[in-house]
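Tertiary structure, described
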Amino acid sequence: MAEVTDADFEAEVIGAELPVLVEFTADWCPPCRQMAPVLSALAAEESDRLKVVQLNVDTNPLTTNAYRVLSMPTFMVFRGGEPVRSMVGARPKRRLLEELSDVF
């Protein structure tokens, strides 16, 4: 799964043609690690409809603060350069897909 940074967030997320699911994550976050295989599978299965990326909150404070991310993992969906959905906390793949169903 691709990682984005403060430096390339605008190009990779804001300027993306597909909707983008951003996981705001941290190395010290057990639920974030739990989500890694779920997000990898989602990225592979939905690559034609959805871009999935991670942003490490510890090394990218500008983007983290800009979107007022306080808890990890936080998932934000961006479409057309705007955040259209925000979800906090780990969840099973099935539930994540249900929550994203109107984004595609």
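You'll find the structure just up there.
Below: a short report on this structure.

Thresholds applied
- Residues numbered from 1 in each chain as written.
- Predicted model: local features only at pLDDT ≥ 70, side-chain atom pairs only at ≥ 80, totals over all residues.
- Heavy atoms only, no water.
- Helix = DSSP H or I, 4+ residues; strand = E, 2+ residues; numbered from the N terminus.
- Disulfide = S-S within 2.5 Å.
- Buried < 20%, exposed > 50% of the residue type's maximum accessible area, 1.4 Å probe, protein only.
- Salt bridge = Lys/Arg side-chain N within 4 Å of Asp/Glu carboxyl O.
- Phe/Tyr/Trp six-rings, centres within 6.5 Å; stacked < 30°, edge-to-face > 60°.
- Pairing = 2+ DSSP bridges.
- Right-handed = clockwise from strand over helix to strand, strands pointing away.

**Focus on unusual backbone geometry**
In this structure, the amide linkage connecting Met72 to the following residue, Pro73, adopts the cis form with an omega of -10 degrees. Positionally, Pro73 belongs in the loop between α3 (61-66) and β4 (74-79). At Arg68, a residue that is not glycine, the phi angle is positive and equals roughly 55 degrees. With respect to the element layout, Arg68 can be found in the loop between α3 and β4.

**Points about the state of the cysteines**
Tallied over the entire structure, the rule returns one disulfide. Each sulfur in the disulfide pair Cys29 and Cys32 lies 2.3 Å from the other. One disulfide, between Cys29 and Cys32, carries an S-S torsion of 80 degrees and so falls in the right-handed class. Of the two residues, Cys29 and Cys32, neither departs from the other in class, the shared state being buried.

**Regarding the pattern of salt bridges**
Under the defined criterion, the tally for this structure stands at six salt bridges. Close ionic contact of Arg91 with Glu99 constitutes a salt bridge, the shortest N to O distance being 2.6 Å. Linked by salt bridges that have partners in common, Arg91, Arg95 and Glu99 make up one network.

**Digging into the packing of aromatic side chains**
Under the counting rule described, the total for this entry stands at three aromatic pairs. Ring centres 5.7 Å apart and planes at 45 degrees place the aromatic pair Phe9 and Tyr67 in the tilted group. Of this pair, Phe9 sits in helix α1 (residues 9-14) while Tyr67 sits in the loop between α3 and β4; the two residues are 58 residues apart in sequence, bridging distant segments of the chain. Given a relative accessible area of 24%, Tyr67 falls into the partly exposed group. Between Tyr67 and Phe78, the ring centres sit 5.1 Å apart and the planes meet at 85 degrees, which makes this aromatic pair edge-to-face. Taken as a pair, Tyr67 in the loop between α3 and β4 and Phe78 in strand β4 lie far apart in primary sequence, eleven residues in all. Residue classification places Phe78 among the buried residues on the basis of a relative accessible area of 1%.

**A few points about the pairing of strand β2 (residues 20-25)**
Most of β2 sits out of view: six of its six residues are buried. Neither face of β2 is exposed, since Val20, Val22 and Phe24 on one face and Leu21, Glu23 and Thr25 on the opposite face are all buried. Note: β2 against strand β3 (residues 51-56), six bridges, orientation parallel. Its bridge partner being in β3, Thr25 is matched across the sheet by Asn56. Handedness of the crossover joining β2 and β3 through helix α2 (residues 30-45): right-handed. Bridge count between β2 and β4: five bridges; the pairing is antiparallel. The residue bridging Val20 from the neighbouring strand is Phe78, located in β4.

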